[in-house]
Amino acid sequence: MQGIGKGKSNNNGQMKHFQYWLGVMGMATALSLTVNSQPAPAQVAYGSYVGIGPTVGLTDGTQVGGVLAFRYKLLETPISFRTQALIGKGTAIVPTVSYDLPLNWQTDVYLGAGLVLTSGDTPSPVGNKISFALQPGIDYVIPNSSTVIFGNAIIAFDAYRNTGGTALSLQGGVGLRF
């Protein structure tokens, strides 16, 4: 009986030793995860895209047309180069540089600034004169796909040759990321 009693106390000692090391290893693992982990900030919706959709010019009479949209996203910065070709009664190319602000992993809003370059005397959805433009908008990336849904407005200042008024157009569409 004495040998059995000694064996039990030896097992108890080994069990306490095992529990001690298990606790130390658990604490070390938790500490290393805490020290080495960094929060994952939301990033601007990833990727450049080409898209197509409708445009509606809301000044100088309503004008309906089409838009061809292009976005080149600079990696690791919240900046994008965007260009939109607006085709209505007249045509305009609107290159902008935008600051992109993430709302979540799939969505960002942006504000771009650039120029309206028009094709002639016939007004496009954003006027018929080279002018300064602001472009607020939103991009939404459909999860697990290469599809982007975009929408924006273009506000062109001093956009008409004869009257010099402000032009406003709304665009939206679907794009393919690359």
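Remember, it's a predicted structure, so these values are computed and weren't measured experimentally.

Novice: Which residues make up the nonpolar core, and what values go with them?
Specialist: With 17 residues, the main nonpolar core has Leu 86, Val 94, Val 116, Val 126, Ile 154 and Ala 156 as its most contacted residues. Of all elements in the fold, only strand 2 (63-73), strand 4 (91-102), strand 6 (131-141) and strand 7 (147-157) reach the threshold of two or more residues within this core. Broken down by element, the residue count for this core peaks at four residues, all from strand 7.

Novice: Residue-level account of the pattern of salt bridges, with values.
Specialist: Going through the model one piece at a time under the given rule, you end up with seven salt bridges. Put simply, Arg 82 and Asp 139 hold a salt bridge, and the shortest N to O gap is 3.1 Å. Remark: Asp 139 occurs in strand 6 and Arg 82 occurs in strand 3 (residues 79-87); sequence separation between them is 57 residues. The two residues Arg 82 and Asp 139 agree in class, both being buried. A cluster of three or more residues bridged by salt bridges with shared partners is formed by Arg 71, Arg 82, Asp 100, Asp 108 and Asp 139.

Novice: Hey, could you go over the pairing of strand 4 for me, with residue numbers and the actual values?
Specialist: Bridge count for strand 3 against strand 4 is nine bridges, and the pairing is antiparallel. Bridged to Ser 80 within strand 4 is Ser 98. Following strand 3, the chain reverses through three residues before pairing antiparallel with strand 4. By the bridge criterion, nine bridges tie strand 4 to strand 5 (residues 107-118) in an arrangement that is antiparallel. By the bridge assignment for strand 5, Asp 100 is matched with Tyr 110.

Novice: Can you tell me about unusual backbone geometry, naming the residues and giving the values?
Specialist: With phi around 55 degrees, Asp 60 is a residue other than glycine that occupies positive phi space. Mapping Asp 60 onto the fold places it in the loop between strand 1 (49-57) and strand 2. Residue classification places Asp 60 among the exposed positions, given a relative accessible area of 54%.

Novice: Any details on the packing of aromatic side chains? Residues and values, ideally.
Specialist: Both the distance between ring centres and the angle between the ring planes are used here to describe each pair of aromatic rings. This model, assessed by the stated rule, comprises three aromatic pairs. Judged by centre distance (6.1 Å) and plane angle (20 degrees), the ring pair of Phe 70 and Phe 178 falls under stacked. Taken as a pair, Phe 70 in strand 2 and Phe 178 in the segment after strand 8 (167-177) lie far apart in primary sequence, 108 residues in all. Take Phe 178: its relative accessible area is 56%, and that puts it in the exposed class. Taken together, a centroid distance of 6.1 Å and an interplanar angle of 25 degrees make the contact between Phe 132 and Phe 157 stacked. Linking Phe 132 in strand 6 with Phe 157 in strand 7, this pair joins segments that are 25 residues apart in sequence. Against the face of Tyr 110 rests Arg 82, its NZ or CZ located 3.4 Å from the ring centre.

Quick notes on the rules
- Residues numbered from 1 in each chain as written.
- Predicted model: local features only at pLDDT ≥ 70, side-chain atom pairs only at ≥ 80, totals over all residues.
- Heavy atoms only, no water.
- Core = buried A, V, L, I, M, F, W, Y, C linked by side-chain atoms within 4.5 Å.
- Buried < 20%, exposed > 50% of the residue type's maximum accessible area, 1.4 Å probe, protein only.
- Helix = DSSP H or I, 4+ residues; strand = E, 2+ residues; numbered from the N terminus.
- Salt bridge = Lys/Arg side-chain N within 4 Å of Asp/Glu carboxyl O.
- Pairing = 2+ DSSP bridges.
- Phe/Tyr/Trp six-rings, centres within 6.5 Å; stacked < 30°, edge-to-face > 60°.
- Lys NZ or Arg CZ within 6 Å of the ring centre and 35° of its normal.

In short, the description is geometric, and any link to function would need to be established separately.
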